[in-house]
Structure formats: C-alpha cells, structure tokens
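Examining the three-dimensional arrangement
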Amino acid sequence: MSETLLPTERTRVVREPQRGVYDRETIYKILDEGFVCHVGFSLDGQPYVIPTLFARVGDAIYFHGSAASRMLRNVSEGIPVCVTVTLVDGFVLARSVFNHSMNYRSVVALGKATLVDTPKEKLEALHAYTEKILPQRWNEARQPSEKELKATSILRLPLTEVSAKVRTGPPEDDAPDYALPVWAGVIPAHTAFDPPVRDERCDPSIPTPAYTAHYRR
Ligand SMILES: Cc1cc2nc3c(=O)[nH]c(=O)nc-3n(C[C@H](O)[C@H](O)[C@H](O)COP(=O)(O)OP(=O)(O)OC[C@H]3O[C@@H](n4cnc5c(N)ncnc54)[C@H](O)[C@@H]3O)c2cc1C
C-alpha cells in the first residue's frame, strides 16, 4: 500500500482542501509524468522561480542547479527551496465566468536542497533525466566527461514535505446557473510531440532511432 505523508502546517492545501492529495504513489506519478519543475528560492530577500528539468530517483528529486547553486557554494547544509510541478489536463468551461477552472495535477515539495558532489550521484541524476525524457538515449549518446561532470551542478531535494493537488471532472456551477443556455464542459489537454527533425549536420546515413521516430508521451 502507498505511504501517505502527513500534511504539515506548510503543505496543507487550504483552498479546495478536498483536492489535496498526500499519498506517495499519486505524488510520484505526477512527478514522473512531468519533466519541467519550477524551483523557488530566495536570495537577499528577492524570490526567484526558475524552470528546470528534473527527475525523481527513489524518494528524492534531482534538478539542475544553475541558479540556486551559486548560493549553495557557501551553504553546505542546503538551501530552502519550493519545487513545483504542474500537469495541465484541461480547461473547464463553466456556465458562469467565475466558475471557470482547469483540470490539473500538481505537486509542491518543500525542503532543503543540497548540492550533489560525488561524480557517481551526478551520473545517476543525469542518467535519470535522460532516460526519463527519452528511454534508451543514454546508451546512444556520448557519456559525460570528467570535465563536463565537474561543470554540471545538480541539486537533490528529499521528498519529505510534499503535497499534491488534483482537479478532475466537469465544471461545478452554482445551482441556478445549470438552467442557463450556455455551453459547459471540458476541453481536455495533453502534451504532444511532432515527428523528429534531423539536425542539418547529422550524417544522413545514421538511421533515426526507433525510440525517436515513434516518440510518444
Ligand atoms: C494549472 C493550475 C491553475 C490554477 N489556477 C488557479 C486559479 O486560477 N485560482 C486559484 O485560486 N487557484 C488556482 N490553482 C490552484 C493553486 O495552485 C493553489 O492551490 C491555490 O491558489 C491556493 O491554495 P491554498 O489556499 O492551499 O494555498 P497556499 O496557502 O498557498 O498553500 C498551502 C500549501 O498547500 C499546498 N498546495 C497549494 N496549492 C497546491 C497545488 N496546486 N499543488 C500542490 N500543493 C499545493 C502547498 O504545500 C502549499 O504550501 C491552479 C493550479 C494549477 C496547477
């Protein structure tokens, strides 16, 4: 059975609390489907929210630390961050403007991110990013050199204080509005990818790998 995390003062969903979800299984499914996260942190009183690639490995997520890592160089015990992942599932068209909404699944994770410093863990994180986006790509592309690994900063956030919020289903109108002659329903949304476009400098004799040619998400 999936473990349910206890919401803390900081992760308890306040608005529409019935949409709050705290079981690891649901949270991890959302994280594994998303590939961009937004990392929020504060530097000298200025909040920054940076979009970046991420991957989950076990009970932690790894993300590129380009911006936040500047601070981390001097903060060995970690930097407080808020990481958000959002999947948009549809536009919800209600009979009233007020009740328009979106169907979505989102995760908010709070905690202290630490800089990954061992080359082994860095490699694991890079492998996870690559395989998450395009399974089989890792083995085909050139592996990172020692210099490249050194130049890559990766942050690790343990998934201990986490919430998900999920909205599904039709619009929820006020009772009298159901009689209005207004179309109502959902426009489902999903991420789609077009056929791959070969780099002009890619040798035409190199076949397009099946994992690329038939890419679906
Ligand atoms: C695509 C999308 C569109 C949205 N549009 C709107 C909108 O137009 N208006 C609106 O009011 N809300 C919208 N939301 C919901 C919004 O993210 C917040 O949940 C809401 O604004 C405030 O919730 P709260 O009172 O719990 O907030 P807070 O008090 O800010 O949150 C308390 C805690 O609840 C948890 N939490 C809050 N929101 C989320 C979330 N989305 N996912 C996971 N955990 C969460 C976090 O742990 C947070 O620390 C949207 C969400 C998504 C993903």
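Before reading on, note that the structure itself is shown above.
First, a word on what this report is: a plain description of the structure on this page. (Residues numbered from 1 in each chain as written. Predicted model: local features only at pLDDT ≥ 70, side-chain atom pairs only at ≥ 80, totals over all residues. Heavy atoms only, no water.)

The ligand sits among 14 residues. The nearest are R10, V14, R15, S106 and K165. Within the contact set of the ligand, an oxygen atom lies 2.5 Å away from a backbone nitrogen or oxygen of V14. In isolation the ligand exposes 850 Å². Once the protein is present, 59% of that is buried. Going through the elements one at a time, β6 (101-115) and β8 (161-167) are the ones with two or more residues in the shell around the ligand. (Near = heavy atom within 4 Å. Polar contact = N/O pair within 3.5 Å; in protein donor to acceptor, adjacent residues only side chain to side chain. Areas by Shrake-Rupley, 256 points an atom, 1.4 Å probe, with all protein chains shown as cover. Helix = DSSP H or I, 4+ residues; strand = E, 2+ residues; numbered from the N terminus.)

Let's shift gears to the state of the cysteines. The full count for this structure, using the stated rule, is zero disulfides. C82 forms no disulfide, and the closest cysteine sulfur to it belongs to C37, at a distance of 10 Å. Taking relative accessible area as the criterion, C82 reaches 27% and is therefore assigned partly exposed. (Disulfide = S-S within 2.5 Å. Buried < 20%, exposed > 50% of the residue type's maximum accessible area, 1.4 Å probe, protein only.)

Glancing now at the environment of T114. Following the sequence through the fold, T114 ends up in strand β6. Separated by 34 residues in the primary sequence, T114 and E148 have C-alpha atoms spaced 20 Å apart. When sequence neighbours within four positions are dropped, the list of residues in contact with T114 reads L72, S76, E77, G78, I154, L155 and R156. (Contact = heavy atoms within 4.5 Å.)

Looking now at a nonpolar patch on the surface. A contiguous nonpolar patch, built from V88, F91, M102 and I187 and spanning about 330 Å² of accessible area, is present on the exposed surface. Its location among the elements puts M102 in strand β6. (Patch = residues over 30% accessible without salt bridge, like charges linked within 9 Å, V, L, I, M, F, W, Y side chains within 5 Å. Salt bridge = Lys/Arg side-chain N within 4 Å of Asp/Glu carboxyl O.)

Turning to helix α1 (residues 24-33), a few remarks are in order. Buried within α1 we find R24, I27, Y28, I30 and L31. Axial view of α1: buried residues confined to an arc of 160°, hence all on one face. Opposite the packed face of α1, turned more than 90 degrees from it, sit the exposed residues E25 and K29. (Arc of directions from axis to C-beta.)

As far as function goes, none of this settles anything; it's purely spatial.
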